[in-house]
Amino acid sequence: MTSVPLDRPTRRSVPAQVADALTDAVLSGRLAPGSTLPPERELAGQLGVNRTSLRHAIARLEQAGLVQSRQGVGTVVRDPLRAADSALVLRALLAAGPELIEEVLEVRRVLGALAGRLAALHAGEDALAALAATVGEASATAPGDAATLQQVELAFFSQLVDATANRPLQVMMRWLEQLYGATAPLFRDAFENRRPVLAGLRLVLDAVASRDAGAAEAAVRRYAERSGRRLLAAARPSA
């Protein structure tokens, strides 16, 4: 085996650590949107770093869109949901707390119904075969294996969105998938009962396969409404 020369990883720089600390403060709400950072000398003292490291850290936050320097005002904290870094936006959403769940489910219901309609209109034979295979995989999950059924359900709707051939919708739904995936353990109890999950997936598959856009839209909306109630019931005790 040929040896490949590689640099050894180094410890993270002080500016990177400071940027992380400030980012956490913004995402947690300790530094609220619209507030200004303390004066440079004071903030450097609080963090135990020199002013040069602090400046580099703040520059990182400016690049990410978390703060903005304003002449005569100072460094102002921005709404993290408007950050330029999509990963930070995701973290901000996750930090929003239990009230986020209902908001995610509202969007999921509307966009999911649209995905059903478009999939019925545009899905190719390979996409239909993949959806059918995933429904078969869901049917084969062992009773009580809620975690596997949950992952298979997520895969089914991911395939449904891919079958739409609508790229903007795919991007928006990927956001929901990331949010859902990051909080999946909260909803696991909603998959203890396999029957409504399997019945709902089969109805969606049948409608898409029959190329009935209206039926597919209605099937996904109905599934999202019913599963949404189960997801909320499962998440509330954890939240």
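Scroll up for the structure.
Cut-offs applied
- Residues numbered from 1 in each chain as written.
- Predicted model: local features only at pLDDT ≥ 70, side-chain atom pairs only at ≥ 80, totals over all residues.
- Heavy atoms only, no water.
- Salt bridge = Lys/Arg side-chain N within 4 Å of Asp/Glu carboxyl O.
- Helix = DSSP H or I, 4+ residues; strand = E, 2+ residues; numbered from the N terminus.
- Buried < 20%, exposed > 50% of the residue type's maximum accessible area, 1.4 Å probe, protein only.
- Core = buried A, V, L, I, M, F, W, Y, C linked by side-chain atoms within 4.5 Å.
- Contact = heavy atoms within 4.5 Å.
- Polar contact = N/O pair within 3.5 Å; in protein donor to acceptor, adjacent residues only side chain to side chain.
- Axes fitted to C-alpha atoms, helices over the stretch in contact; angles between N-to-C directions.
- Parallel < 35°, antiparallel > 145°, perpendicular 65-115°, else oblique.
- Nonpolar A, V, L, I, M, F, W, Y, C, P; charged D, E, K, R; others polar.
- 1 Å grid on protein atoms, 1.4 Å probe; cavity = no way out; pocket = protein on both sides within 12 Å on 5 of 7 lines; lining within 4 Å.
- Points joined across faces, edges and corners; volume = space filled by probe spheres on them.
- Phe/Tyr/Trp six-rings, centres within 6.5 Å; stacked < 30°, edge-to-face > 60°.
- Expected span 1.5 Å × (residues − 1).

A. The arrangement of the pattern of salt bridges in detail. Tallying each qualifying case throughout the model produces eight salt bridges. We note a salt bridge from Glu40 to Arg51, for which the minimum N-O separation is 2.9 Å. Of the two residues, Glu40 is situated in helix 2 (residues 40-47) and Arg51 in helix 3 (residues 51-64); the sequence distance between them amounts to eleven residues. For Arg51, a relative accessible area of 32% translates into the label partly exposed. Several salt bridges converge on common partners, so that one network encompasses Glu40, Arg51 and Arg55.

B. Fine view of unusual backbone geometry. The backbone of Ala165 shows a phi angle near 60 degrees, a positive value even though the residue is not glycine. For Ala165, the location among the structural elements is in the loop between helix 7 (146-162) and helix 8 (167-182). In this model, Arg211 sits at a positive phi of 65 degrees, which is unusual for a non-glycine residue. For Arg211, a relative accessible area of 35% translates into the label partly exposed.

C. Just the nonpolar core, in detail. Leu22, Leu54, Leu160, Phe191, Leu201 and Val208 are the most contacted members of the largest nonpolar core, which has 70 residues in total. Excluding residues within four positions of it along the chain, Leu201 makes contact with Val135, Ala138, Glu153, Phe156, Phe157 and Tyr223.

D. Here's a closer look at the side chain of Thr141. Relative to the elements of secondary structure, Thr141 occurs in the loop between helix 6 (125-140) and helix 7. A polar contact of 2.7 Å, which involves the side chain of Thr141, links it to the backbone oxygen of Ala138. Sequence-distant contacts of Thr141, that is, excluding residues within four places in its chain, are made with Thr148, Leu149, Val152 and Arg194.

E. Structural detail: the packing of helix 6 against helix 7. Direction vectors running N to C along helix 6 and helix 7 enclose 170 degrees, while the axes themselves pass 9 Å from each other. Between helix 6 and helix 7, the interaxial angle falls into the category roughly antiparallel. In this structure, helix 6 uses Ala130, Leu131, Thr134, Val135, Glu137 and Ala138 to contact helix 7, whose residues at the interface are Leu149, Val152, Ala155, Phe156, Gln159 and Leu160. Grouping the amino acids of the contact of helix 6 with helix 7 by side-chain chemistry returns nine nonpolar, two polar and one charged.

F. Expanded view of empty space enclosed by the protein. Using the criterion set out here, one finds one cavity of 30 Å³ or more in the structure. In this model, the largest cavity occupies a volume close to 250 Å³. Those elements that provide at least two residues to the lining of the largest cavity are helix 5 (99-122), helix 7, helix 8 and helix 10 (213-238). Ranked by residues supplied to the lining of the largest cavity, first place goes to helix 7 with six residues. Of the residues assigned to the lining of the largest cavity, the class counts are twelve nonpolar, two polar and three charged.

G. Summary view of the packing of aromatic side chains. Taken as a whole, this structure holds two aromatic pairs when the rule is applied. With a centroid separation of 5.2 Å and 85 degrees between ring planes, the pair formed by Phe156 and Phe157 is classed as edge-to-face. Given the relative accessible area of 15%, Phe157 is considered buried. Taking 5.3 Å as the distance between ring centres and 35 degrees as the angle between the ring planes, the aromatic pair formed by Phe157 and Tyr223 counts as tilted. With Phe157 in helix 7 and Tyr223 in helix 10, this pair connects stretches of sequence that are 66 residues apart. Judged by relative accessible area, Tyr223 falls into the buried class, the value being 5%. Ring pairs connect the aromatic residues Phe156, Phe157 and Tyr223, which therefore count as one cluster.

H. Representation of the packing of helix 7 against helix 8 within the structure. Put simply, helix 7 and helix 8 touch, their axes get as near as 10 Å, and they point 170 degrees apart. When the axis of helix 7 is compared with that of helix 8, the two are roughly antiparallel. Every residue of helix 8 that contacts helix 7 at Gln150, Glu153, Leu154, Ser158, Val161 and Asp162 is listed here: Leu169, Gln170, Met173, Arg174, Glu177 and Tyr180.

I. Layout of helix 9 (residues 194-209). Under the 1.5 Å per step criterion, the end-to-end length of helix 9 is 22 Å for 16 residues, consistent within 8% with the ideal 22 Å. Looking at helix 9, one finds that the buried residues are Arg194, Val197, Leu198, Gly200, Leu201, Val204, Leu205, Ala207 and Val208. With a side-chain oxygen positioned 3.2 Å from the backbone nitrogen of Arg195, the residue opening helix 9 is Asn193.

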